[in-house]
Amino acid sequence: MPRWLPRAMVLALALIAVFQLGSWAFHQLTGLLINVLIAFFLALAIEPAVSWMAGRGLRRGLATFLVFIAVLIAAAGFVTLLGSMLAGQIVKMVEDFPDYLDSVISWVNGHFHTELRRVDIQEGLLRSDWLRNYVQNSATGVLDVSAQVLGGLFQMLTVLLFSFYFAADGPRLRRALCSVLPPARQAEVLRAWEIAVDKTGGYLYSRGLMALVSGIAHYILLEILEVPYAPALAVWVGLVSQFIPTIGTYLAGALPMLIAFTVNPWYALWVLIFVVIYQQFENYVLQPKLTSKTVDIHPAVAFGSVVAGAALLGAVGALIAIPAIATLQAFLGAYVKRYDVTDDPRVHGRRNRRSGSGGSTRLRKLWARRPEPGHRGAEGAGGGGSS
């Protein structure tokens, strides 16, 4: 046995053990890494406001605290308003449920000639095995729901804590990162950081404007239809449709349609038609104008980045995919050398047919070369006279 073989075997086993340990640690810390990533993008989003307040003489810690307080107050007000709306609608629907059930039973009896009664249906539901199993499962699932709620609160606290430190100690973090890099690399890192701040802030700015326009438009429609809780529904549609990628529009429009249906079924149809038309207006008119200078990426690239982010990190990846791709695109744009495009018709989608390449062109040339019959006869007569 060669002398180097035992050492090589020990080294290989050590590398395998280190790889397994690193893989296990990465899977265990995936949740923490995702929280740090969310906190980093949240800190980038509030960086312009914090820097503006710090430039006016406030300490960065106090400025970050004030920005967080403003965001939390706005979020708590929205959740409270939406919760009161949902609670009122649920109470109203429970109170009106017997009337709805009576109308359905009368319609079924009138069209199918049956003799259904509400008392029989209620007794059947109370004695059914399905209801008993549902109550048992709900009772056993209370602890799971409580654990999920506590876990969500702890995760939110972790994100807020990290984002506060990232925003408050942003200059110190940049200095610490640049201190281990040569001067040329320091300039690139600082430039990438600045682009990330601009793109993330621009993304939230443009989404906020579109949410405002969407909320106002849907509020006007709901007020015209006299749908209850129109302000809360308008805020719901504006925020959910803009900050939940891909499926946010459909989730946002479902709640106003449901509440409008309780008022009048035709109102739900009008809300659906308005949501579809407004979505087309937003995609082709409003969004290109608002995002042309902030997050200028192709719609296909944006959709692909959302799908890839959702596949990698779930809902979090879908939410931060667009600003991340916009940042990467803007940063790499400085290192891609571009050339002038030749003035070729094929660049504009038109084919340049070469002369004589087609069969029809050759037939036209042969037909043009064919001598005319009158001209041939005159030539023959002239030739006979000369001889």
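For every chain, the first residue of the written sequence is number 1, and numbering continues from 1 along that sequence. Only residues with pLDDT of at least 70 are given local features in this predicted model, and only at 80 or more are side-chain atom pairs given and counted; all residues enter the totals for whole chains, interfaces and linings. For side-chain calculations, the full set of non-hydrogen atoms in the structure is used, while hydrogens and water are omitted.

*Asks:* So, the overall build of the chain: which residues are in play, and what are the values?
*Replies:* Within the chain one finds 15 helices and zero strands. Residue exposure (1.4 Å probe, protein chains only): buried if accessible area is under 20% of the type maximum, exposed if over 50%, otherwise partly exposed. Among the 387 residues that make up the chain, the fraction classed as buried is 25%. Whether two residues touch is decided by their heavy atoms; if any such pair falls within 4.5 Å, the residues are in contact. Here the analysis covers contacts within the chain between residues at least 6 apart in sequence; of these, 64% occur between residues at least 24 apart. Every accessible area reported is derived by Shrake-Rupley at a probe size of 1.4 Å, with residue values counting cover from the shown protein chains alone. Here the chain has roughly 27,200 Å² of accessible surface; of this, 68% comes from carbon and sulfur atoms. To qualify as a helix, a DSSP run of H or I must reach at least 4 residues; to qualify as a strand, a run of E must reach at least 2; elements of each kind are numbered from the N terminus.

*Asks:* Could you give me a rundown of a nonpolar patch on the surface, with the residues and numbers involved?
*Replies:* Together, Leu 58, Leu 62, Phe 65, Leu 66, Ile 69, Leu 72 and Ile 73 make up an exposed nonpolar region whose accessible area comes to about 590 Å². If you trace the backbone, Phe 65 turns up in helix H3 (residues 60-112). Relative accessible area serves as the criterion here: at 43%, Phe 65 is assigned to the partly exposed category. Patch criteria: residues need more than 30% relative accessible area and no salt bridge. Like-charged residues are merged within 9 Å; nonpolar side chains of Val, Leu, Ile, Met, Phe, Trp and Tyr are merged within 5 Å. Any Lys or Arg side-chain nitrogen located within 4 Å of an Asp or Glu carboxyl oxygen qualifies as a salt bridge.

*Asks:* I'd love a proper account of helix H9 (residues 230-243), names of residues and values included.
*Replies:* Every α-helix carries 3.6 residues per turn, so stepping three or four residues along brings you back to the same face. With 14 residues, H9 extends 20 Å between its outermost C-alpha atoms, agreeing within 8% with the 20 Å of an ideal straight helix rising 1.5 Å per residue. Taken as a whole, H9 has its buried residues at Ala 230, Ala 232, Leu 233, Ala 234, Trp 236, Val 237, Gly 238, Val 240, Ser 241 and Gln 242. A helix is expected to reach a length of 1.5 Å times the quantity of its residues less one.

*Asks:* Tell me about unusual backbone geometry, and name the residues and values.
*Replies:* Of note in this structure, Glu 226 is not a glycine but carries a positive phi near 60°. Inspection of the secondary structure assignment puts Glu 226 in the loop between helix H8 (183-224) and H9.

*Asks:* Tell me about the pattern of salt bridges, and name the residues and values.
*Replies:* Tallying each qualifying case throughout the model produces three salt bridges. The salt bridge partner of Arg 60 is Glu 47, with a shortest N-O separation of 3.2 Å. Of the two residues, Arg 60 is situated in helix H3 and Glu 47 in helix H2 (residues 30-55); the sequence distance between them amounts to 13 residues. A residue is classified by how much of its surface remains accessible, and Arg 60, at 17% relative accessible area, is buried. For Glu 47, a relative accessible area of 7% gives the class buried. One salt bridge connects Arg 185 with Glu 188, and the closest N-O pair in it is separated by 3.1 Å.

*Asks:* Give me the lowdown on the packing of aromatic side chains, citing residues and values where you can.
*Replies:* Geometry of an aromatic ring pair is reported as the spacing of the ring centres plus the angle between the planes. Only centres within 6.5 Å qualify two rings of Phe, Tyr or Trp (six-membered ring in Trp) as a pair; their planes then separate them into stacked at under 30 degrees, edge-to-face at over 60, and tilted for everything else. Following the criterion strictly, the structure yields eight aromatic pairs and no others. Each ring, one from Phe 40 and one from Phe 41, has its centre 6.0 Å from the other, and the planes form 80°; the classification is edge-to-face. On the basis of an interplanar angle of 35° and a centroid distance of 6.3 Å, the ring pair of Phe 162 and Phe 166 is categorised as tilted. Here Phe 162 and its partner Phe 166 are both found in helix H6 (residues 142-168), four residues apart, which amounts to about one turn of the helix. For Phe 162, a relative accessible area of 29% corresponds to the partly exposed category. Three or more aromatic residues link up through ring pairs in this structure, and these residues are Phe 40, Phe 41, Phe 162, Phe 166 and Trp 193.

*Asks:* Account for the side chain of Gln 242, with residues named and values stated.
*Replies:* Here Gln 242 lies in helix H9. A relative accessible area of 2% means that Gln 242 is categorised as buried. Excluding residues that lie within four positions of it along the chain, Gln 242 makes contacts with Tyr 203, Arg 207, Met 210, Ala 211, Ser 214 and Glu 282.

*Asks:* Give me the lowdown on the side chain of Thr 64, citing residues and values where you can.
*Replies:* Relative to the helices and strands, Thr 64 resides in helix H3. Note on Thr 64: relative accessible area 0%, which makes it buried. In this structure Thr 64 touches Ile 46, Val 50, Phe 164, Ala 167 and Ala 168, once residues within four positions along its chain are discounted.

*Asks:* Give a detailed account of the UniProt feature "transmembrane region" (unreviewed entry) in the chain, specifying residues and quantitative values.
*Replies:* UniProt positions are given in the numbering used here, feature names are shortened, and annotations may be inferred rather than shown by experiment. If you check UniProt for "transmembrane region" (unreviewed entry), the listed places come out as residues 35-55, 62-87, 145-167, 204-221, 233-251, 258-281 and 301-328 in our numbering. Each end of residues 204-221 is marked by a C-alpha atom, and these two atoms are 26 Å apart; helix forms 100% of the span and strand 0%. Its end C-alpha atoms 23 Å apart, residues 258-281 is made of 96% helix and 0% strand.

*Asks:* How would you summarise the environment of Ile 325 if you had to cite specific residues and measurements?
*Replies:* When you line up the elements, Ile 325 lands in helix H13 (residues 315-332). Along the primary structure Ile 325 and Lys 199 are separated by 126 residues, whereas in three dimensions their C-alpha atoms are 9.4 Å apart. If we skip the residues at most four places from it in the chain, Ile 325 touches Val 301 and Ser 305.

*Asks:* Can you explain the packing of H2 against H8? Please cite residues and give values.
*Replies:* Contact pair H2 / H8: the axes reach a minimum separation of 8 Å and the direction vectors enclose 80°. Regarding the angle of H2 to H8, the classification is roughly perpendicular. Here Phe 40, Phe 41, Leu 44, Ala 45, Glu 47 and Pro 48 of H2 come into contact with H8, specifically with Trp 193, Ala 196, Val 197, Thr 200 and Leu 204. Throughout, the ten residues Ala, Val, Leu, Ile, Met, Phe, Trp, Tyr, Cys and Pro are labelled nonpolar, Asp, Glu, Lys and Arg are labelled charged, and all others, Gly among them, are labelled polar. Split by residue class, the contact of H2 with H8 holds nine nonpolar, one polar and one charged. Every axis in this analysis is a line fitted to C-alpha atoms, fitted for helices over the stretch in contact. Angles between the N-to-C directions lie between 0 and 180 degrees. Roughly parallel refers to an angle under 35 degrees, roughly antiparallel to one over 145, roughly perpendicular to one between 65 and 115, and oblique to any angle outside these ranges.

*Asks:* Lay out the nonpolar core with the relevant residues and their values.
*Replies:* The term nonpolar core refers to a set of buried residues drawn from Ala, Val, Leu, Ile, Met, Phe, Trp, Tyr and Cys, joined through side-chain atoms within 4.5 Å. Core analysis: the biggest nonpolar cluster contains 17 residues, and Leu 222, Val 227, Leu 233, Trp 236, Leu 255 and Val 271 have the highest contact counts within it. At the level of secondary structure, the elements contributing two or more residues to this core comprise H3, H8, H9, helix H10 (248-263) and helix H11 (265-291). Examining the composition of this core, we find that five residues originate from one element, H9, more than from any other. Discounting residues that sit within four places of it in the chain, Trp 236 has contacts with Phe 78, Leu 82, Ser 241, Leu 251, Ala 252, Leu 255 and Pro 256. In this structure, Ala 39, Val 50, Phe 166 and Ala 167 belong to the second largest nonpolar core, which totals eleven residues.

*Asks:* Can you break down H10 residue by residue, with the values?
*Replies:* With 16 residues, H10 ought to run about 22 Å at 1.5 Å a step, and its terminal C-alpha atoms sit 24 Å apart, in line with that. Residues Gly 248, Thr 249, Ala 252, Gly 253, Leu 255, Pro 256, Ile 259 and Ala 260 constitute the buried set of H10.

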